[in-house]
Amino acid sequence: MQVHKFYLNGLYIVLDINSGAVHLVDNLAYDILDIYDGSNADEAVAALQHRYDRAAISEAVNELQELMKAGQLFAPELTVPLTFSDKPLVKSLCLHVAHDCNLRCGYCFAGTGDFGHTRGLMSKEIGEKAVDFIIANSGRRRNCELDFFGGEPLLNMDTVRHVVSYVRQRETETGKVFKLTLTTNALLLSDQIIEYLNANHISLVLSLDGRAETHDRMRPCINGSGSYDKVVKRCKQVADSRGDQNYYLRGTFTAYNPDFAADVLSMADLGFSQLSVEPVVAKEADYELTAAHLPELYRQYELLAEEYLARRLAGKGFDFFHFNLDLSNGPCVAKRLSGCGAGHEYFAVTPEGDLYPCHQFVGRDEYRLGNIDEGVSNTELPVKFRQAHVLNKPACRECWARFYCSGGCHANADLFHNDLLKPYELGCELQKKRLECAIMIQAKLAVAYQGSAD
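Residues numbered from 1 in each chain as written. Predicted model: local features only at pLDDT ≥ 70, side-chain atom pairs only at ≥ 80, totals over all residues. Heavy atoms only, no water.

Draft legend 1. Structural detail: the overall build of the chain. Each helix and strand in the chain was counted, giving 16 helices and 16 strands. Rg of the C-alpha trace for the chain: 24 Å, near the compact-globule value of 22 Å for 454 residues, within the 12% margin. When each of the 454 residues of the chain is scored for burial, the buried share is 52%. If you take every contact in the chain between residues at least 6 apart in sequence, the share linking residues at least 24 apart comes to 70%. In the form shown here, the chain has an accessible surface area of approximately 20100 Å², with 49% of it arising from carbon and sulfur atoms. The positive charge centre, built from 46 side chains, and the negative charge centre, built from 60, are 4 Å apart in the chain. (Helix = DSSP H or I, 4+ residues; strand = E, 2+ residues; numbered from the N terminus. Rg over C-alpha atoms; globule rule 2.2 N^0.38 Å. Buried < 20%, exposed > 50% of the residue type's maximum accessible area, 1.4 Å probe, protein only. Contact = heavy atoms within 4.5 Å. Areas by Shrake-Rupley, 256 points an atom, 1.4 Å probe, with all protein chains shown as cover. Lys, Arg positive; Asp, Glu negative; His and termini not counted. Charge placed at Lys NZ, Arg CZ, Asp CG, Glu CD.)

Printed below as a string of structure tokens:
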């Protein structure tokens, strides 16, 4: 498959899969591409001449051929970069500074914080060793990333502060530049902690599931009480304190709220502008999403896309993570093939210093890579993850979205199929719908901005 075409919100859209070029076409060109593959112009003309004027068909085919010459239609297949045979550089670490939590979320993949093992906090020493590990294994790469994660990382603020100080020291000593992120449920955010996070330029991922009834159903406190009011208060304080930037308000939707567009818009209506809402990934649970939910979920994404677009054009927009798509300058080939880099460029570090491919693999003992002291001792696993790219996944080879999702989440593939090369199908379907909506939005905005410029 070299092109993907779809009709959405009044637009006939064609995506050239390998180049990433997007074309808005009329219904004639749209129909031609049901037949035309770049080499059979006469066949396309013959097949459609009973529906369209023959001269018009020929003219449209000529225009498609010009796009081909420009490398924007039927572009050649991508190949695996030679760098994929090199030893990968570590770019990012997820520091599990706390395997404990002050919430009891119903859908928590981390077992309410203990990841199926014991509760505990990361020591300052392990935190320092993690920083040294990424410096030692990042080669000449200058930019590195650390994410303070849990459980709830604010339960171990002493270690967070210590590691941040150590990072700044090591930046001076090595010339590295670290981007720091902290993921929190927001309950423990105090005035002092917010001031500290802002002063140290730490990006935040804040957890909120939308409407009060949605949030409180799945994100209760330990005593069973709702957390919504406290979370909203603290999240608003954070967003206001940093000019509504450098954060994401991240939610999860489940089978209990398939009308999730209303939850996204409720957060926007509260004044938050940096939003991300993800489908829950679960097996054998009352709240799990299944194929039966897909028609409604598709409808919700389309509703959300239309409202998102309307608000943007009215000057009252918000950012929704899955609708942020750069059609003019997509990711490099390596990123398009391998995605997040879990297991070879990105690792998670447990409080004990154990290394895993990412935060979602923590607790799956067969995926333990080694320890922060000894390094990566299971040297076969990084190779396995590095080779689990889209060109090696049978289901991805013919999928039009393969260079946007990069084959999907490895942890989800393992959870549902015990095989990194078999993507989680429901996730694939939702990703494709989100991408269609995102492409439509960008196309509509481009047309609108071009019209205003004229």
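What follows continues from the structure just given.
Draft legend 2. How the structure looks around the pattern of salt bridges. This model, assessed by the stated rule, comprises 23 salt bridges. A salt bridge links Lys-433 to Glu-436, with the nearest nitrogen and oxygen atoms 3.6 Å apart. Of the two residues, Lys-433 and Glu-436 both sit in helix 16 (residues 425-453), 3 residues apart, roughly one turn of that helix. Via salt bridges that share partners, Lys-91, Glu-345 and Arg-386 belong to a single interconnected network. (Salt bridge = Lys/Arg side-chain N within 4 Å of Asp/Glu carboxyl O.)

Draft legend 3. Local environment of the pairing of strand 10 (residues 247-253). Burial within strand 10 is extensive, with 5 of its 7 residues counted as buried. Strand direction decides the pairing type here: strand 9 (residues 203-207) and strand 10, joined by 4 bridges, are parallel. Within strand 10, the residue paired with Leu-206 across the bridge is Leu-249. Pairing of strand 10 with strand 11 (residues 274-279), which is carried by 5 bridges, proceeds in the parallel orientation. Directly across from Leu-249, in strand 11, lies its bridge partner Leu-275. After leaving strand 10, the chain enters helix 9 (residues 261-269) and then returns to the sheet as strand 11, a path that is right-handed. (Pairing = 2+ DSSP bridges. Right-handed = clockwise from strand over helix to strand, strands pointing away.)

Draft legend 4. Spatial organisation of the sheet that holds strand 11. The 11 strands are arranged 12-11-10-9-8-7-4-13-14-15-16 in an open sheet whose pairing can be described as mixed. The sheet is open, and its two borders are formed by strand 12 (319-320) and strand 16 (375-376), each paired with just one other strand. Where strand 14 (residues 354-356) meets strand 15 (residues 370-371), 2 bridges bridge the pair, whose relative direction is antiparallel. Within strand 15, the position partnered with Leu-355 by the bridge is Gly-370.

Draft legend 5. Structural detail: the packing of helix 2 (residues 41-48) against helix 3 (residues 54-69). At their nearest, the axes of helix 2 and helix 3 sit 10 Å apart, and the two run at 145° to each other. Relative to helix 3, helix 2 is oriented so that their crossing is right-handed. Seen from helix 2, the contacting residues are Ala-41, Ala-44, Val-45 and Leu-48; seen from helix 3, they are Arg-54, Ile-57, Ser-58, Val-61 and Gln-65. Looking at the contact of helix 2 with helix 3, its residues break down into 6 nonpolar, 2 polar and 1 charged. (Axes fitted to C-alpha atoms, helices over the stretch in contact; angles between N-to-C directions. Left-handed = near helix turned anticlockwise from the far one by under 90°. Nonpolar A, V, L, I, M, F, W, Y, C, P; charged D, E, K, R; others polar.)

Draft legend 6. The sheet that holds strand 2 (residues 11-16), seen in detail. Pairing is antiparallel across the open sheet formed by 3 strands, whose spatial order is 1-2-3. With partners counted over all chains shown, the strands left at the sheet margins are strand 1 (3-8) and strand 3 (22-25), one partner each. Strand-to-strand twist across the sheet, computed as the mean angle between neighbouring axes with direction ignored, equals 25°. In this structure, strand 2 lies alongside strand 3, joined through 4 bridges in antiparallel fashion. Each residue of the ladder has a partner; that of Tyr-12, found in strand 3, is Val-25.

Draft legend 7. Geometry of unusual backbone geometry. The amide bond that connects Gly-150 to the next residue, Gly-151, takes the cis arrangement and shows omega of 15°. As for its position among the elements, Gly-151 is in the loop between strand 7 (143-149) and helix 5 (157-174). The phi torsion at Asn-9 lies on the positive side, around 55°, for a residue other than glycine. Tracing the chain through its elements places Asn-9 in the loop between strand 1 and strand 2.

Draft legend 8. Quick peek at a nonpolar patch on the surface. On the surface, a nonpolar cluster with roughly 220 Å² of combined accessible area is contributed by Leu-121, Leu-155 and Leu-188. Take Leu-188: it is sitting in the loop between strand 8 (177-184) and helix 6 (191-199). Under the relative-accessibility criterion, Leu-188 is labelled partly exposed at 31%. (Patch = residues over 30% accessible without salt bridge, like charges linked within 9 Å, V, L, I, M, F, W, Y side chains within 5 Å.)

Draft legend 9. View of helix 4 (residues 124-137). Taking 1.5 Å of rise per residue, 14 residues should cover 20 Å, and helix 4 covers 20 Å from first to last C-alpha, within 8% of that figure. All of the buried residues in helix 4 are Ile-126, Gly-127, Ala-130, Val-131, Phe-133, Ile-134 and Ile-135. Following helix 4 by one or two positions, Gly-139 adopts a phi angle in the positive range, close to 55°. (Expected span 1.5 Å × (residues − 1).)

Draft legend 10. Focus on helix 15 (residues 410-417). The complete set of buried residues in helix 15 reads His-410, Ala-411, Asn-412, Ala-413 and Asp-414. Structurally, helix 15 contributes buried residues whose contacts are with helix 12 (380-386). Downstream of helix 15 by one or two residues, Asn-418 has phi in the positive range, about 55°.

Draft legend 11. Broad picture of the packing of helix 4 against helix 5. Following both chains from N to C, one finds helix 4 and helix 5 inclined at 30°, their axes separated by 9 Å at the closest point. Considering only the axes of helix 4 and helix 5, their crossing is right-handed. Where helix 4 abuts helix 5, its residues Lys-124, Gly-127, Glu-128, Val-131, Asp-132 and Ile-135 lie against Asp-158, Thr-159, His-162, Val-163, Tyr-166, Val-167, Arg-170 and Thr-174. Classifying every residue of the contact of helix 4 with helix 5 gives 5 nonpolar, 4 polar and 5 charged.

Draft legend 12. Examining the packing of aromatic side chains more closely. As enumerated under the stated definition, the model contains 18 aromatic pairs in all. Note on Tyr-248 and Phe-321: the rings are 5.7 Å apart at their centroids and 85° apart in plane angle, and the pair reads as edge-to-face. Of the two residues, Tyr-248 is situated in strand 10 and Phe-321 in the loop between strand 12 and helix 11 (333-338); the sequence distance between them amounts to 73 residues. Overall, Tyr-248 belongs to the partly exposed group, its relative accessible area being 23%. Relative to Phe-318, the ring of Tyr-308 has its centre 5.3 Å away and its plane inclined at 90°; by these criteria the two rings are edge-to-face. Of this pair, Tyr-308 sits in helix 10 (residues 294-313) while Phe-318 sits in the loop between helix 10 and strand 12, placing them 10 residues apart in sequence. One aromatic cluster is present, built from ring pairs that chain together Tyr-308, Phe-318, Phe-320 and Phe-323. (Phe/Tyr/Trp six-rings, centres within 6.5 Å; stacked < 30°, edge-to-face > 60°.)

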